Amino acid sequence: MKRRFALASALAVLCSHVFTAGGAAAAGMTVYCPMSEDDCGAVLKAFKDDTGIEAQFVRIGAGEILARIRAEKANPQAGLWLAGAADNFIQAASEDLLAPHKAAGIDKVDPRYTDKEGRWTPISLSPIVFAYSQQVLDEIGAKPPTSWKSFADPVFKDSVALAHPASSGTAYVALASMVQLDGEEPAFELMKEIDKNVVQYTRSGVAPSRMVANNEIALAMAYTQDIEAALAQGYPVGYSFPEEGTGFEVNAAAAIANAPEEQAKGAAAFLDWILTDKGQAAMGATFRGPIVPGYKNPEAKIDLSNVKMIDYDFTWAGENRARLLERYENDVRHKADAK
């Protein structure tokens, strides 16, 4: 099973350099995308199939996309930022890095999940879930996690992997969720305790759940779609939700400010398309929840209907993102330690 997973990962990395939605030789719009290689490719292929617009993507973490767009502000190299937690987009919008566009169909979306100025477009919902390896739990004599505090239990010493919130949208939503649940001081004290159990920080939000799938570690935090993907590949990944309630990502997309004209046109067309039935079906096929009610993936194994969700304030999370990340690096772990 490990060999099969390794092979799939190797192929995915290769595809990240050569994939285009319209074929290997196509040019078209350049997209920065933090989803898995397969998910980035599948959504852009569906877009191309429905509109004829070609795209190629670069897969990097959401935090790294923000840093890259910021660095390229005077000479944008991409037209579209596809996917990532809305708090990343809120921060980018505050720095005038995004081009406003009122997407067709935005009126069908709950106003709580939209940006009044149209600087970013919501495209799906994704809750945070705990992933665990039952095999490793049995080896260390531990039980599945039931609370955010479970990650600080000394029984999990060197048995936890987490993404770093400076580079991963998954990790930042988990950080912001703990702060909103417990208050900032208690949450950071908890994260310092959790840090004692962390054997590795990763730059990608997907990587820790893959380590669970390979029985390399006991615990990780992930989005539900990452666990669905592992289960679909046959990995016996255990999952649970925190009894206090869990945070979630409003997944978003946006046109990048001052992109070349053709790139800007492609980005606007994508933002109009993603809220159509076909666009929502393409996102649903990646196991992300729909932002426009109606689509349900029949292959999904995780029942989200009874999951306790907190009243996650992603606007607050976005507005406080830079400050919380600076504190995390000073008090818990610097982003340079992430691999």
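All figures in this text were calculated on a predicted structure; none of them were measured in a lab. (Residues numbered from 1 in each chain as written. Predicted model: local features only at pLDDT ≥ 70, side-chain atom pairs only at ≥ 80, totals over all residues. Heavy atoms only, no water.)

## Regarding the side chain of glutamate 249
Along the chain, the position of glutamate 249 falls in strand β10 (residues 248-256). Arginine 288 provides the closest opposite charge to the buried, salt-bridge-free glutamate 249, at an N-O distance of 5.1 Å. At a separation of 3.0 Å, a polar atom in the side chain of glutamate 249 contacts the main-chain amide nitrogen of alanine 85. In this structure glutamate 249 touches Gly84, Ala85, Ser124, Leu125, Ser126, Val173 and Tyr223, once residues within four positions along its chain are discounted. (Helix = DSSP H or I, 4+ residues; strand = E, 2+ residues; numbered from the N terminus. Buried < 20%, exposed > 50% of the residue type's maximum accessible area, 1.4 Å probe, protein only. Lys, Arg positive; Asp, Glu negative; His and termini not counted. Salt bridge = Lys/Arg side-chain N within 4 Å of Asp/Glu carboxyl O. Polar contact = N/O pair within 3.5 Å; in protein donor to acceptor, adjacent residues only side chain to side chain. Contact = heavy atoms within 4.5 Å.)

## Considerations on empty space enclosed by the protein
The rolling of a water-molecule-sized probe over the atoms marks out the regions of remaining empty space. Across all of its chains, the model carries 3 cavities of 30 Å³ or more by this definition. The volume enclosed by the largest cavity comes to roughly 210 Å³. Lining the largest cavity are 23 residues, with Pro34, Met35, Thr170, Tyr223 and Glu249 sitting closest to its centre. Counting only elements with at least two residues in the lining of the largest cavity, the list comes to β3 (80-85), α6 (169-182), α9 (224-232) and β10. In terms of residues, the lining of the largest cavity owes the most to one element, β3, which gives 3 residues. Looking at the lining of the largest cavity, its residues break down into 7 nonpolar, 11 polar and 5 charged. Approximately 170 Å³ is the volume attributed to the second largest cavity. If you go around the second largest cavity, you meet 16 residues; those closest to its centre are Leu162, Ala163, Ala171, Ala174 and Met221. Secondary structure elements with two or more residues in the lining of the second largest cavity: β6 (160-163), α6 and α7 (184-195). (1 Å grid on protein atoms, 1.4 Å probe; cavity = no way out; pocket = protein on both sides within 12 Å on 5 of 7 lines; lining within 4 Å. Points joined across faces, edges and corners; volume = space filled by probe spheres on them. Nonpolar A, V, L, I, M, F, W, Y, C, P; charged D, E, K, R; others polar.)

## Considerations on the pairing of β6
Residue alternation in β6 divides its side chains into two sets, Val160 and Leu162 and Ala161 and Ala163, and both sets are buried. Sheet topology places β6 next to strand β7 (residues 198-202); 4 bridges connect them, and they run parallel. In the sheet register, alanine 163 faces β7, and the bridge partner there is threonine 202. (Pairing = 2+ DSSP bridges.)

## What to know about the pairing of strand β1 (residues 29-33)
On a regular strand, one side chain projects to one face of the sheet and the next to the other, so that they alternate. With 5 of 5 residues buried, β1 lies mostly within the body of the structure. By the alternation rule, side chains of β1 split into Met29, Val31 and Cys33 and Thr30 and Tyr32, which are all buried. Across 5 bridges, the pairing between β1 and strand β2 (residues 55-59) is parallel. Note that in β2 the partner of valine 31 across the bridge is phenylalanine 57. In terms of handedness, the path from β1 via helix α2 (residues 37-51) over to β2 forms a crossover that is right-handed. (Right-handed = clockwise from strand over helix to strand, strands pointing away.)

## Re the packing of aromatic side chains
Two descriptors summarise a pair of aromatic rings, namely the distance from one centre to the other and the angle between the planes of the rings. The tally for this structure, following the rule as stated, stands at 10 aromatic pairs. With centroids separated by 5.6 Å and ring planes inclined at 50°, the aromatic side chains of phenylalanine 270 and tryptophan 273 adopt a geometry described as tilted. Note that phenylalanine 270 and tryptophan 273 are positioned in helix α10 (residues 261-273) at a spacing of 3 residues, about one turn of the helix. Comparing phenylalanine 270 with tryptophan 273 shows no difference in burial state: the two are buried. One aromatic cluster is present, formed by Tyr113, Trp120, Phe248, Tyr312 and Phe314 through successive ring pairs. Across from the ring centre of tyrosine 32, 5.3 Å away, lies the NZ or CZ of arginine 68, which sits over that ring. (Phe/Tyr/Trp six-rings, centres within 6.5 Å; stacked < 30°, edge-to-face > 60°. Lys NZ or Arg CZ within 6 Å of the ring centre and 35° of its normal.)

## What about unusual backbone geometry?
A negative phi angle is the norm for most residues apart from glycine, just as the trans form is the norm for most peptide bonds. Even without a glycine there, the phi angle at aspartate 158 is positive, about 60°. Summarising the element assignment, aspartate 158 is placed in the loop between α5 (134-140) and β6. For asparagine 215, which is not glycine, the phi torsion reads 60° and is therefore positive. Checked against the element boundaries, asparagine 215 lands in the loop between α8 (207-213) and β8 (219-223).

## What about the layout of surface pockets?
Counted as a void, the largest pocket has a volume near 490 Å³. Forming the boundary of the largest pocket are 20 residues, of which Gly289, Pro290, Lys296, Ile302 and Leu304 lie nearest the centre. Listing elements by their share of the lining of the largest pocket, those giving two or more residues are β5 (121-132), α9 and β11 (289-290). Sorting elements by how many residues they give to the lining of the largest pocket places β5 first, with 3 residues.

## Regarding the nonpolar core
Core analysis: the biggest nonpolar cluster contains 90 residues, and Val31, Trp81, Leu82, Trp120, Leu175, Met191 and Phe270 have the highest contact counts within it. Among all residues touching leucine 82, those that are not within four sequence positions of it are Val31, Tyr32, Cys33, Pro34, Met35, Val43, Leu44, Ile123, Ala252, Ala253 and Phe270. One finds Val129, Ile217, Ala230 and Tyr235 within the second-largest nonpolar core, a separate group that totals 15 residues. (Core = buried A, V, L, I, M, F, W, Y, C linked by side-chain atoms within 4.5 Å.)

## Digging into the environment of proline 236
Positionally, proline 236 belongs in the loop between α9 and β9 (238-240). Sequence separation of proline 236 and glutamine 135 is 101 residues, and the distance between their C-alpha atoms is 9.4 Å.

## Here's the deal with the pattern of salt bridges
Under the counting rule described, the total for this entry stands at 18 salt bridges. Ionic pairing is found between glutamate 95 and arginine 70, a salt bridge with its closest N-O pair at 2.8 Å. Pair noted here: glutamate 95 is in the loop between α4 (86-94) and β4 (98-99) and arginine 70 is in helix α3 (residues 62-71), with a separation of 25 residues, a long-range link. Glutamate 95 gets classed as partly exposed once you look at its relative accessible area, which sits at 24%. Judged by its relative accessible area of 37%, arginine 70 falls in the partly exposed class. For arginine 119, the salt bridge goes to aspartate 115, with nearest N and O atoms at 3.1 Å. Its relative accessible area of 23% is what places arginine 119 among the partly exposed residues. For aspartate 115, a relative accessible area of 15% translates into the label buried. Salt bridges here are not isolated pairs; linked through shared partners, they connect Glu184, Glu185, Arg323, Arg327 and Asp331.

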